[in-house]
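Topology and contacts: notes
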Amino acid sequence: MSLDQPLAPLPQEGMGFVTAWPVRAGDVDPYNRVRLDGVARYLQDIAWEHLQQSVLEQSDPSWIIRRTVIDVVRPVLWPDHVHLRRWCSSMSTRWANMRVRITSDRGGLIETEGFWININESNNMPARISDAGLAYLAQTTAEQRLRWRPWLTDPAPPESDTDLPFPLRATDIDQYNHVNNTSYWQAVEQYLVDYPKLVSGPHRAVIEYVAPVLARQHISVRSRYEPGDRTTGRPTLRLWFVVDGITTTIVRIAPL
C-alpha cells in the first residue's frame, strides 16, 4: 500500500474486535465535528481494549505506533454514537497494520490504519511477536511480509518567521515519558482552522512519527500549504514537528 491507495477491506463480515461508545462533547469542534485528535483517542482506546481482551495482553503487551492514517469519508457529528471494529490487515514478525473502522448511528464513516510495532519492555526496542500473537493476528490477514516504508519523505522547509511553537503540557506526556501520539493532532487542528475546506469533504490525514519527543523538549511546527492547480484540484497541508533542528513528526492532509 502507498500514500493514495485505499485501505484494506475487512476480510469477512463479523471479524475483528468491536466496541462502541457515545461521542463526548469534548471531542468535537464548534461545528460538532469529531476532531482528528478525538479520532486518535478513539484509536488509542480501542487498541487498549483489544489488547486487554485478547491473547496479546499476556503474549505481547507493549506496542508503539509509527504511522496513523485517518480517512474521513463522512464526518461523525455530535450528538451521535460510534461503533468501532479493529482487525489486523497485514503483519510481519515485529509489527502489524491494524485497521479500525468507525461508523456511527447517524451515518458517519471513518476508516483508519495504524502501523504498530511490538516492543521489548526491558529495552524499548522492536521485538519479535510471540507465536501466540502471530497466530492471533493472522486470523484476519494472509499478508505476513509487511515492511516499513515511510510515506512522508519531503524534507522540512527552512526555519522561518511562520514557524509556530507547540508548547508541551504535563498531560501530553505518556508512560514512556514521550509526547503521546494523540497530542500532535491538537496542533494539526490548530492549523486546520485556517484551511476549513480541507475537512469540508472526504479527506485523508497521515501522520508519521520519526523520532520520540521527550518531556520538556521544545517543539516548533513548520507548515506548507499547496492550494492545488486547476488540473488536480487537490489542496494539501503539510506539517513538520521540529526539535533542535531535527524533524520528529510529519503530517499530510489532502482530499480523498
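Residues numbered from 1 in each chain as written. Predicted model: local features only at pLDDT ≥ 70, side-chain atom pairs only at ≥ 80, totals over all residues. Heavy atoms only, no water.

Focus on unusual backbone geometry
A cis geometry characterises the amide bond from Trp78 onward to Pro79, with omega recorded as 0°. Structurally, Pro79 can be placed in the loop between strand S2 (63–74) and strand S3 (81–91). Look at Asn124: it is not a glycine, yet its phi comes out positive at around 60°. Judged by its relative accessible area of 44%, Asn124 falls in the partly exposed class. (Helix = DSSP H or I, 4+ residues; strand = E, 2+ residues; numbered from the N terminus. Buried < 20%, exposed > 50% of the residue type's maximum accessible area, 1.4 Å probe, protein only.)

Some thoughts on the sheet that holds strand S8 (residues 219–226)
A sheet is described by the order of its strands in space; here 10 strands give the open sequence S1-S3-S4-S5-S2-S7-S10-S9-S8-S6, paired in antiparallel fashion. Both edges of this open sheet fall to strand S1 (17–22) and strand S6 (164–166), since each of them pairs with a single strand only. When the angles between neighbouring strand axes are averaged without regard to direction, this sheet yields 20°. Examined bridge by bridge, S3 and strand S4 (residues 95–104) share 9 bridges and lie antiparallel to one another. Note that in S4 the partner of Val82 across the bridge is Ser104. The strands touched by helix H1 (residues 36–52) are S1, S2, S3, S4, strand S5 (109–118), strand S7 (203–209) and strand S10 (246–255); relative to S1, the strand with the most contacts, the crossing angle is about 135°. In this fold helix H4 (residues 181–192) packs onto S2, S6, S7, S8, strand S9 (236–243) and S10, with an angle of close to 135° to the strand it touches most, S7. (Pairing = 2+ DSSP bridges. Axes fitted to C-alpha atoms, helices over the stretch in contact; angles between N-to-C directions. Contact = heavy atoms within 4.5 Å.)

Keep in mind these values describe shape, not function.
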